[in-house]
Amino acid sequence: NAGVTQTPKFRVLKTGQSMTLLCAQDMNHEYMYWYRQDPGMGLRLIHYSVGEGTTAKGEVPDGYNVSRLKKQNFLLGLESAAPSQTSVYFCASSYPEGDEAFFGQGTRLTVV
Amino acid sequence: GESVGLHLPTLSVQEGDNSIINCAYSNSASDYFIWYKQESGKGPQFIIDIRSNMDKRQGQRVTVLLNKTVKHLSLQIAATQPGDSAVYFCAENWADSSYKLIFGSGTRLLVRP
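Residues numbered from 1 in each chain as written. Chains lettered and ligands numbered in written order. Predicted model: local features only at pLDDT ≥ 70, side-chain atom pairs only at ≥ 80, totals over all residues. Heavy atoms only, no water.

Colleague: Is there a simple way to explain the sheet that holds strand E1 (residues 4-7) of chain A in this structure?
Modeller: Strand pairing in a sheet takes place through backbone hydrogen bonds and is either antiparallel or parallel in direction. Residue and element names in this part refer to chain A. Here 4 strands make up an open sheet; going across it, the order is E1-E3-E8-E7 and the pairing antiparallel. Looking at strand neighbours, the two that pair on one side only are E1 and strand E7 (65-67), the edges of this open sheet. Each neighbouring strand pair of the sheet contributes to a mean axis angle of 20 degrees, computed without reference to strand direction. Of the strand pairs in this sheet, E7 and strand E8 (residues 73-78) are connected by 3 bridges, and their pairing is antiparallel. When the bridges of E8 are listed, Ser67 appears paired with Leu75. (Pairing = 2+ DSSP bridges. Helix = DSSP H or I, 4+ residues; strand = E, 2+ residues; numbered from the N terminus. Axes fitted to C-alpha atoms, helices over the stretch in contact; angles between N-to-C directions.)

Have a look at this one:
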């Protein structure tokens with residue numbers, strides 16, 4: 001039981017490049033979340049999903065897209081990376097509302 | 001290196017003392033609250049949770065208090081240890097149709113030996 005696994009752990013992108021961050025969970029959780037964490041700030045919700053095939057916007061969705069084609073996977077895409085997207089990205093999953101969320105180890109993304 | 005929490009409010013306590021970390025939440029409709037601990041270079045880890053039909057819940061060395069009237073949460077850590085040094089976040093589960101899990105701004109706890 002690996003919990004929540006994020007791929008990759010580190011990445012450097014050039015401005016304008018695209019990439020996809022993968023989150024995989026093996027706990028059969030319905031809900032999955034993507035957050036970003038900037039220096040000196042808490043976690044801000046980018047997008048989330050309450051079930052396979054569904055996604056919704058969080059607090060800071062602009063510049064990102066997500067997909068939940070399989071229950072265990074939640075993908076975060078950056079179509080055209082910008083330096084402002086330099087951050088640490090965390091994925092989390094949980095059972096339906098009202099339960100703790102389990103977090104991955106984070107992906108450190110630098111856009112130059 | 002660790003860059004999280006550089007500008008967060010900091011609580012400095014002596015080892016062995018009790019710590020109290022406070023959090024104001026935003027949504028009066030939130031029905032579930034969680035405290036997370038984040039150590040350097042790691043993702044947040046669950047500490048304790050509380051539902052809106054309770055005002056107090058105790059765990060091992062930790063207690064969470066909920067005051068719905070003023071939308072305030074607190075985390076009390078008894079006999080604080082060096083291993084408690086971390087950034088602490090509260091999170092609220094919005095009970096509207098969105099089911100979003102929203103985090104507060106966080107507090108850095110430093111334990112002095």
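Read on, since the account is not over.
Colleague: Is there a simple way to explain unusual backbone geometry in this structure?
Modeller: Note: most peptide bonds trans; most residues except glycine with negative phi. Of the consecutive residues Thr7(A) and Pro8(A), the connecting peptide bond is found in the cis state with omega at -5 degrees. Of note in this structure, Arg61(B) is not a glycine but carries a positive phi near 65 degrees. Residue placement: Arg61(B) occurs in the loop between strand E5 (56-58) and strand E6 (62-67). Backbone geometry at Lys71(B) places phi at a positive 55 degrees, although glycine is not the residue there.

Colleague: Is there a simple way to think about the pattern of salt bridges in this case?
Modeller: Side-chain pairing between opposite charges can occur once the charged atoms of the two side chains come close. Evaluated as defined, the whole model comprises 7 salt bridges over all chains. Across the pair Arg36(A) and Asp38(A) runs a salt bridge, and its minimum N-O distance is 3.0 Å. According to the relative accessible area criterion, Asp38(A) is buried, its value standing at 9%. Residue Asp84(B) pairs with Arg61(B) through a salt bridge whose shortest N-O separation is 2.9 Å. With Asp84(B) in the loop between strand E7 (72-77) and strand E8 (86-93) and Arg61(B) in the loop between E5 and E6, this pair connects stretches of sequence that are 23 residues apart. Taking the relative accessible area as the measure of exposure, Arg61(B) reaches 29% and is therefore partly exposed. Through salt bridges with shared partners, a single ionic network connects Arg36(A), Asp38(A) and Arg44(A). (Salt bridge = Lys/Arg side-chain N within 4 Å of Asp/Glu carboxyl O. Buried < 20%, exposed > 50% of the residue type's maximum accessible area, 1.4 Å probe, protein only.)

Colleague: Explain the interface of chain B and chain A to me, please; I cannot follow it from the model alone.
Modeller: Often, the extent of an interface is quoted as the loss of accessible area on bringing the components together. Contact residues are listed per partner, giving 27 residues for chain B and 24 residues for chain A. A buried area of about 2,000 Å², summed over both sides, lies between chain B and chain A, and 57% of it is on carbon and sulfur atoms. Contact with chain A buries surface across chain B, with Tyr99(B), Leu101(B) and Phe103(B) losing the most and accounting together for 25% of the total. The element that contributes the greatest number of residues to the side of chain B that touches chain A is strand E3 (residues 32-38) of chain B, accounting for 4 residues. Across the side of chain B that touches chain A, the residue classes break down as 13 nonpolar, 11 polar and 3 charged. (Contact = heavy atoms within 4.5 Å. Buried area = accessible area lost by both parts, 1.4 Å probe. Nonpolar A, V, L, I, M, F, W, Y, C, P; charged D, E, K, R; others polar.)

Colleague: Looking at this structure, how should I read the side chain of Asp38(A)?
Modeller: Residue and element names in this part refer to chain A. Relative to the assigned elements, Asp38 resides in the loop between strand E4 (31-37) and strand E5 (43-51). Looking at Asp38, its side chain comes within polar contact range of the side chain of Ser87, at 2.6 Å. Those residues in contact with Asp38 that sit more than four places away from it in its chain are Arg44, Thr86 and Ser87. (Polar contact = N/O pair within 3.5 Å; in protein donor to acceptor, adjacent residues only side chain to side chain.)

Colleague: Just to check I follow, could you spell out the confidence of the model for chain B for this structure?
Modeller: Do not read the predicted coordinates in detail wherever pLDDT is low. Averaged over chain B, the pLDDT score is 89; the fraction of residues at 70 or greater is 91%. Of the regions scoring below 50 in pLDDT, residues 1-6 of chain B engages in 14 contacts with residues more than four places distant in sequence or in other chains. (pLDDT = per-residue confidence, 0-100.)

Colleague: Sorry if this is basic, but what is going on with the state of the cysteines here?
Modeller: Tallied over the full model, the rule gives 2 disulfides over all chains. At a sulfur-sulfur separation of 1.9 Å, the disulfide partner of Cys23(A) is Cys91(A). Across the S-S bond linking Cys23(A) and Cys91(A), the dihedral sits near -75 degrees, which makes this disulfide left-handed. Residue Cys23(A) is found in strand E3 (residues 19-25), and its partner Cys91(A) is found in strand E9 (residues 87-94); the two are separated by 68 residues along the sequence. Of the residues examined, Cys23(A) reaches a relative accessible area of 0% and is grouped as buried. The side chain of Cys23(B) participates in a disulfide bridge whose partner is Cys90(B); the two sulfur atoms lie 1.6 Å from each other. Of the two residues, Cys23(B) sits in strand E2 (residues 19-24) while Cys90(B) sits in strand E8, which places them 67 residues apart along the sequence. (Disulfide = S-S within 2.5 Å.)

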